[in-house]
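Structural description and commentary
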Amino acid sequence: MISSAISRVSALLLATIGLTMLFAADTILPYLLPGLTPAASWLGQLIAAGWLSIALFNWNGRNTILGGIYGRPAVNLNLMLYLVSALALFKANGRSPAVLVMGALFGVMAIVYGVALLRGPFDLPAPR
């Protein structure tokens, strides 16, 4: 149940941000990065493609166990995505409050997947 909840939250977070960037990159990017022209919206759409593909990956794997031998690739993928994204967003400090909120969300998800990596498989039955 814990693995399913983590995968669902991750998929919904990435899908929400990815769809927003896909369809409104020309509006959002100049707000987040002052000085960036709306003609550079292809950059936001390119990032959205990556986020949407990982969201779909997480949604398709929502019923699998995170961690262990078979679930480690999913944990590693998400850990690197969230960790690098959070660090990059925190490095861009002073841009806007939206960047800090996204950085905080990605930081929390990086911690969750870091715990999944170090703890091992979630949802194991209790030993008898």
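This text follows the structure it describes.
Presented here is an overview of the structure given in this document. (Residues numbered from 1 in each chain as written. Predicted model: local features only at pLDDT ≥ 70, side-chain atom pairs only at ≥ 80, totals over all residues. Heavy atoms only, no water.)

**Brief notes about the overall build of the chain**
Our working rule: By the criteria applied, helices consist of DSSP H or I runs no shorter than four residues and strands consist of E runs no shorter than two, each listed in order from the N terminus. Here's how the labels work: a residue is buried when its accessible area is under 20% of the maximum for its type, exposed when over 50%, partly exposed in between, all with a 1.4 Å probe on protein chains only. We call two residues in contact when some of their heavy atoms are within 4.5 Å. Method for areas: the Shrake-Rupley scheme with a 1.4 Å probe, in which residue coverage is limited to the protein chains shown.
What the chain contains, in helices and strands, is 4 helices and 0 strands. Its helices and strands in sequence order give the chain the pattern α-α-α-α, from N to C terminus. Judged by the C-alpha coordinates and their principal axes, the chain covers about 60 × 25 × 20 Å. The burial tally for the chain puts 39% of its 128 residues in the buried class. Relative to all contacts within the chain whose residues are 6 or more apart in sequence, the contacts with residues 24 or more apart total 71%. Total accessible area computed for the chain in this model is approximately 7600 Å², and 73% of it derives from carbon and sulfur atoms.

**Quick word on the packing of aromatic side chains**
To keep things clear, this is the line we draw: Centres within 6.5 Å are what make two rings of Phe, Tyr or Trp a pair, Trp counting through its six-membered ring; a difference in plane orientation under 30 degrees is then read as stacked, over 60 as edge-to-face, and the rest as tilted.
A complete count under the given rule lists 3 aromatic pairs for this structure. Taking 5.8 Å as the distance between ring centres and 75° as the angle between the ring planes, the aromatic pair formed by W51 and F106 counts as edge-to-face. Here the residue W51 occupies a position in helix 2 (residues 41-60), and F106 occupies one in helix 4 (residues 97-119), the gap between them amounting to 55 residues. An identical accessibility class is assigned to W51 and F106; each is buried. Through successive ring pairs, a cluster of aromatic residues spans W51, Y82, F106 and Y113.

**Describing the packing of helix 1 (residues 2-32) against helix 2**
The following threshold applies: Axis definition: a line fit to C-alpha positions, over the contact stretch in the case of helices; interaxial angles, taken between N-to-C directions, run 0 to 180 degrees. Orientation is classified from the angle alone, with under 35 degrees giving roughly parallel, over 145 giving roughly antiparallel, 65 to 115 giving roughly perpendicular, and any other angle giving oblique. Crossings are classed by handedness, with left-handed meaning an anticlockwise turn of the near helix from the far one by less than a right angle and right-handed meaning a clockwise turn.
Closest axis-to-axis distance for the helix 1/helix 2 pair is 8 Å, and the angle between their directions is 165°. Looking at the two axes, helix 1 sits roughly antiparallel to helix 2. Note on packing geometry: the crossing formed by helix 1 with helix 2 is left-handed.

**A closer look at the layout of surface pockets**
A water-sized probe rolled over the atoms picks out the places where empty space is left. Put simply, the test is: Using a grid of 1 Å spacing that covers the protein atoms alone, one calls a set of points a cavity when a 1.4 Å probe fits there but cannot get out, and a pocket when the set is open and has protein on both sides within 12 Å along at least five of seven lines; lining residues are those with an atom within 4 Å of a point. Grid points are joined across faces, edges and corners, and a volume is the space filled by probe spheres set on the points. We call Asp, Glu, Lys and Arg charged. Ala, Val, Leu, Ile, Met, Phe, Trp, Tyr, Cys and Pro are nonpolar, and the rest, Gly among them, are polar.
Of the pockets and cavities examined, the largest pocket occupies roughly 440 Å³. Lining of the largest pocket is provided by 19 residues; of these, L29, L32, W51, L89 and M102 occupy positions nearest its centre. Contributions of two or more residues to the lining of the largest pocket are made by helix 1, helix 2, helix 3 (68-91) and helix 4. Top element by residues in the lining of the largest pocket is helix 1. It accounts for 6 residues. Its residues placed into classes, the lining of the largest pocket shows 16 nonpolar, 2 polar and 1 charged.

**Remarks on the nonpolar core**
Counted only if it meets this: Buried Ala, Val, Leu, Ile, Met, Phe, Trp, Tyr and Cys residues form a nonpolar core when they are joined through side-chain atoms within 4.5 Å.
Ranked by internal contacts, the top residues of the largest apolar core, which has 28 residues, are L14, M21, W51, Y82, F106 and Y113. Looking at this core, the elements with two or more residues in it are helix 1, helix 2, helix 3 and helix 4. For this core, the leading source of residues is helix 1, giving 9 residues. Excluding its chain neighbours within four sequence positions, the residues that come into contact with F106 are L13, I17, W51, Y82, S85, A86 and L89.

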